[in-house]
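What the coordinates show
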Amino acid sequence: MEKTHKSKSMLIAFIMLHIFSVQSQNIDYGLIIGADITNKYLKPVFHTENKAMYSPILSYNFNGFISYKTNFFLGFSLEPGIIRKGGVQLFDYLNSQYEPVNQKVITSITSFQLPVLLDFHINKSIYLSAGVELEYRLTQKRY
């Protein structure tokens, strides 16, 4: 009776180890560091004498990632991290006394981001990702 129990336990342990070792081959994790140039949508200025120009600033992101690839060509990944983005807005207009005014406003936003992605694996080293990003603003500076 005890020998049957031992052999069943060993068989179950072997199957579980085999399943977990196969699934662990499909899980990947690591860090992503990047430099970005982001674009910001500006509402149109209706006054014809006011001109506004926008120039993006160099942004950065620092993310971790964890991804799971199925035995098919699909996979899933999460990339939680921190991103900084922003830009410089230049205003060039005439005031009420028709004197030229030049003003530069720099905006910087730091956010926690969580992209949730669906990965389409073309081969072992090339894949395309599409998904949504959840973002929580941590700080916003304007100077």
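What this report covers is the structure whose coordinates are included nearby. (Residues numbered from 1 in each chain as written. Predicted model: local features only at pLDDT ≥ 70, side-chain atom pairs only at ≥ 80, totals over all residues. Heavy atoms only, no water.)

**Notes on the overall build of the chain**
Assigned secondary structure in the chain consists of one helix and seven strands. Going from N to C terminus, the chain has its helices and strands arranged as α-β-β-β-β-β-β-β. A burial count over the chain gives 21% of its 143 residues as buried. Of the roughly 11300 Å² of accessible surface on the chain, a fraction of 65% belongs to carbon and sulfur atoms. (Helix = DSSP H or I, 4+ residues; strand = E, 2+ residues; numbered from the N terminus. Buried < 20%, exposed > 50% of the residue type's maximum accessible area, 1.4 Å probe, protein only. Areas by Shrake-Rupley, 256 points an atom, 1.4 Å probe, with all protein chains shown as cover.)

**Comments concerning the layout of surface pockets**
In this model, the largest pocket occupies a volume close to 270 Å³. What lines the largest pocket is a set of 15 residues, and nearest its centre among them are D28, S67, K69, H121 and Y127. Looking at which element gives the most residues to the lining of the largest pocket, the answer is strand β3 (residues 58-69), with four residues. Its residues placed into classes, the lining of the largest pocket shows four nonpolar, six polar and five charged. (1 Å grid on protein atoms, 1.4 Å probe; cavity = no way out; pocket = protein on both sides within 12 Å on 5 of 7 lines; lining within 4 Å. Points joined across faces, edges and corners; volume = space filled by probe spheres on them. Nonpolar A, V, L, I, M, F, W, Y, C, P; charged D, E, K, R; others polar.)

**Quick notes on the packing of aromatic side chains**
Scanning the entire structure with this criterion turns up two aromatic pairs. Arranged with centres 4.6 Å apart and planes meeting at 50°, the rings of F72 and F73 form a pair that is tilted. F73 gets classed as partly exposed once you look at its relative accessible area, which sits at 37%. Members of the aromatic cluster, joined through ring pairs, are F72, F73 and F120. (Phe/Tyr/Trp six-rings, centres within 6.5 Å; stacked < 30°, edge-to-face > 60°.)

**Focus on the pattern of salt bridges**
Using the criterion set out here, one finds one salt bridge in the structure. Between E135 and K85 there is a salt bridge, with its nearest N and O atoms 3.2 Å apart. Of the two residues, E135 sits in strand β7 (residues 127-142) while K85 sits in strand β5 (residues 81-94), which places them 50 residues apart along the sequence. Residue K85 is classed as partly exposed on the basis of its relative accessible area of 22%. (Salt bridge = Lys/Arg side-chain N within 4 Å of Asp/Glu carboxyl O.)

**Looking at the environment of S59**
Positionally, S59 belongs in strand β3. Each C-alpha atom of the pair S59 and G86 lies 7.1 Å from the other, and the pair is 27 residues apart in sequence. Engagement of the side chain of S59 in a polar contact is seen with the backbone oxygen of R84, the distance being 3.1 Å. (Polar contact = N/O pair within 3.5 Å; in protein donor to acceptor, adjacent residues only side chain to side chain.)

**A look at the environment of E79**
Along the chain, the position of E79 falls in the loop between β4 (74-78) and β5. Separated by 37 residues in the primary sequence, E79 and V116 have C-alpha atoms spaced 6.9 Å apart. Those residues in contact with E79 that sit more than four places away from it in its chain are I32, N63, G64, F65, Q113, L114, P115 and L117. (Contact = heavy atoms within 4.5 Å.)

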